[in-house]
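Below, each chain spelled out in residue letters.
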Amino acid sequence: GAVVSQHPSWVICKSGTSVKIECRSLDFQATTMFWYRQFPKQSLMLMATSNEGSKATYEQGVEKDKFLINHASLTLSTLTVTSAHPEDSSFYICSARIGGGVYEQYFGPGTRLTVT
Amino acid sequence: LAKTTQPISMDSYEGQEVNITCSHNNIATNDYITWYQQFPSQGPRFIIQGYKTKVTNEVASLFIPADRKSSTLSLPRVSLSDTAVYYCLVGASTSGTYKYIFGTGTRLKVLA
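About the criteria used
- Think of each chain on its own: its residues are numbered from 1, step by step along the sequence as written.
- Chain labels run from A onward and ligand labels from 1 onward, assigned in the order the entries are written.
- It should be noted that, the model being predicted, local features are given only for residues of pLDDT at least 70 and side-chain atom pairs only at 80 or more, the latter also being counted only at that level, while totals for whole chains, interfaces and linings use all residues.
- In computing side-chain values, all of the structure's heavy atoms are included and hydrogens and water are not.
- The numbering of helices and of strands both runs from the N terminus, where a helix is a DSSP run of H or I of at least 4 residues and a strand a run of E of at least 2.
- Our radius of gyration is a C-alpha quantity, and the globule rule it is checked against amounts to 2.2 Å times the number of residues to the power 0.38.
- For every residue, the accessible area obtained with a 1.4 Å probe (protein chains only) is divided by the maximum for its type, and the residue is called buried under 20%, exposed over 50%, and partly exposed between those limits.
- In this description, accessible areas are obtained by the Shrake-Rupley approach with a 1.4 Å probe, and a residue is regarded as covered only by the protein chains that are shown.
- Lys and Arg are tallied as positive, Asp and Glu as negative. Neither His nor the chain termini are counted.
- Where a charge lies is defined by one atom per residue type, namely NZ (Lys), CZ (Arg), CG (Asp) and CD (Glu).
- What makes two residues a contact is simply this: any of their non-hydrogen atoms within 4.5 Å.
- Summed over both partners, the accessible surface that disappears when two parts come together, traced with a 1.4 Å probe, is what is meant by buried area.
- In the sections that follow, a salt bridge refers to a side-chain nitrogen of Lys or Arg positioned within 4 Å of a carboxyl oxygen of Asp or Glu.
- The pairing test for Phe, Tyr and Trp rings, Trp by its six-membered ring, is centres within 6.5 Å, and the orientation test on the planes gives stacked under 30 degrees, edge-to-face over 60, and tilted for anything in between.
- Throughout this description, the term charge over a ring refers to an Arg CZ or Lys NZ atom that lies within 6 Å of the ring centre and within 35 degrees of the ring normal.
- Only strands joined by at least two bridges in the DSSP assignment are considered to pair.
- Note on geometry: axes are lines fitted to C-alpha atoms, helical ones only across the stretch in contact, with angles between N-to-C directions running from 0 to 180 degrees.
- Here a polar contact means two N or O atoms within 3.5 Å. Within protein one must be a hydrogen donor candidate and the other an acceptor candidate, and residues neighboring in sequence count only if both atoms are side-chain atoms.
- Pairs of cysteine sulfur atoms within 2.5 Å are identified as disulfides in what follows.

Brief notes about the overall build of chain B
Helix and strand counts for chain B come out as 0 helices and 10 strands. Helices and strands appear in chain B in the N-to-C order β-β-β-β-β-β-β-β-β-β. Here the C-alpha atoms of chain B give a radius of gyration of 14 Å, agreeing with the 13 Å that 2.2 N^0.38 yields for 112 residues. With the C-alpha coordinates aligned to their principal axes, the bounding extent of chain B is approximately 45 × 30 × 25 Å. For chain B, the proportion of its 112 residues judged to be buried stands at 47%. Here chain B displays about 5,500 Å² of accessible surface, and carbon together with sulfur accounts for 51% of that area. The positive charge centre, built from 10 side chains, and the negative charge centre, built from 7, are 8 Å apart in chain B.

Right, dumping it as structure tokens:
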């Protein structure tokens, strides 16, 4: 149980275009989903927290107009990288948390974004 | 949110027990301690979570002293497939949302 999927697993796009990444909780309802970014050989960096039906909360330094997050249902959150540039190339990982008193987060497999 | 400090890297041999210690001096009363494992190009995988004393599951043990300012992840008899990065996380609710801030992690290399 507690499986989180991401789609696509990898994507290559041209500079200036937008890319959408989906994060789904397959067998549970996620009250909160999180988006992380990870550069090679580095740790995960939290980008934003999203709660179903409300606006995402972005971490300091993360451009909310560039990284659009939508959490339309309890099982789906999307991250759209707008006007992507080569420096946005990274590994994007989402996680989902089951509500209530459980503090475990379940992570997706990640999406490799390459901007050319 | 509590900050964690772990060794950057560790080497071990197959079959040995590996202990990775994490320091979290500013841990708050309601913080849990959670460990994740990450392989290259994959999302982190939950290993174990605890609040105090000792927790054991089928893959690891977690030791937490009474003051909870540190914790130790113990991996019994590691194999080559345990080569990965291990993250110690503490977190708490802020504005009603519980979130994790990842530290550097410990890069464990298991040698044959």
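A closer look at the interface of chain B and chain A
The interface is formed by 19 residues belonging to chain B together with 22 residues belonging to chain A. With both sides pooled, the region where chain B packs onto chain A buries about 1,700 Å², and carbon together with sulfur makes up 55% of that total. Together, B:Tyr98, B:Tyr100 and B:Phe102 form the three largest contributors to the area buried by chain B at its contact with chain A, with a combined 27%. Applying the counting rule to chain B against chain A returns 0 salt bridges.

Quick look at the packing of aromatic side chains
Per the counting criterion, the structure on display carries 10 aromatic pairs over all chains. Of note, B:Arg68 hangs over the ring of B:Tyr51, and the distance from its end group to the ring centre comes to 3.9 Å.

Comments concerning the sheet that holds strand β5 (residues 53-56) of chain B
All names here are of chain B. Taken together, 4 strands build an open sheet; the order of strands is β2-β7-β6-β5 and the sheet is antiparallel. The outermost strands of the open sheet, each flanked by one partner alone, are β2 (18-23) and β5. Averaged over neighbouring strand pairs, the angle between their axes works out to 15° when direction is ignored. As paired strands, strand β6 (residues 61-64) and strand β7 (residues 70-75) are joined by 3 bridges and run antiparallel to one another. Along β7, the bridge assignment pairs Leu62 with Leu73.

Here we look at the side chain of A:Gln105
The residue A:Gln105 is located in strand β10 (residues 105-107) in this model. Take A:Gln105: its relative accessible area is 0%, and that puts it in the buried class. At 2.7 Å, the side chain of A:Gln105 and the side chain of A:Ser95 are in polar contact. When sequence neighbours within four positions are dropped, the list of residues in contact with A:Gln105 reads A:Phe34, A:Tyr36, A:Ser95, A:Ala96, A:Arg97, B:Tyr36, B:Tyr98, B:Lys99 and B:Tyr100.

Regarding the state of the cysteines
Tallied over the entire structure, the rule returns 2 disulfides over all chains. The disulfide partner of A:Cys23 is A:Cys94, and the S-S distance across this bridge is 2.0 Å. One quick way to see it: the torsion about the S-S bond of A:Cys23 and A:Cys94 is about 80°, and its sign makes the bridge right-handed. Of this pair, A:Cys23 sits in strand β3 (residues 19-25) while A:Cys94 sits in strand β9 (residues 90-98), placing them 71 residues apart in sequence. Each sulfur in the disulfide pair B:Cys22 and B:Cys88 lies 2.2 Å from the other. Measuring handedness by torsion sign, the sulfur bridge of B:Cys22 and B:Cys88 sits at about -80° and is left-handed. Of this pair, B:Cys22 sits in strand β2 while B:Cys88 sits in strand β8 (residues 84-94); the two residues are 66 residues apart in sequence, bridging distant segments of the chain. Cysteine A:Cys13 shares no disulfide, and the gap to the nearest cysteine sulfur, in A:Cys94, comes to 18 Å.

Looking at the pattern of salt bridges
Residue and element names in this part refer to chain A. Counted under the stated rule, the structure contains 2 salt bridges over all chains. A salt bridge links Arg24 to Glu22; its shortest N-O distance comes to 3.5 Å. Given the relative accessible area of 35%, Arg24 is considered partly exposed. By relative accessible area, which is 24% here, Glu22 ends up partly exposed. The salt bridge involving Lys66 is made with Asp88; its shortest N-O contact spans 2.8 Å. Remark: Asp88 occurs in the loop between β8 (76-81) and β9 and Lys66 occurs in the loop between β6 (57-58) and β7 (67-73); sequence separation between them is 22 residues. Residue classification places Lys66 among the buried residues on the basis of a relative accessible area of 11%.

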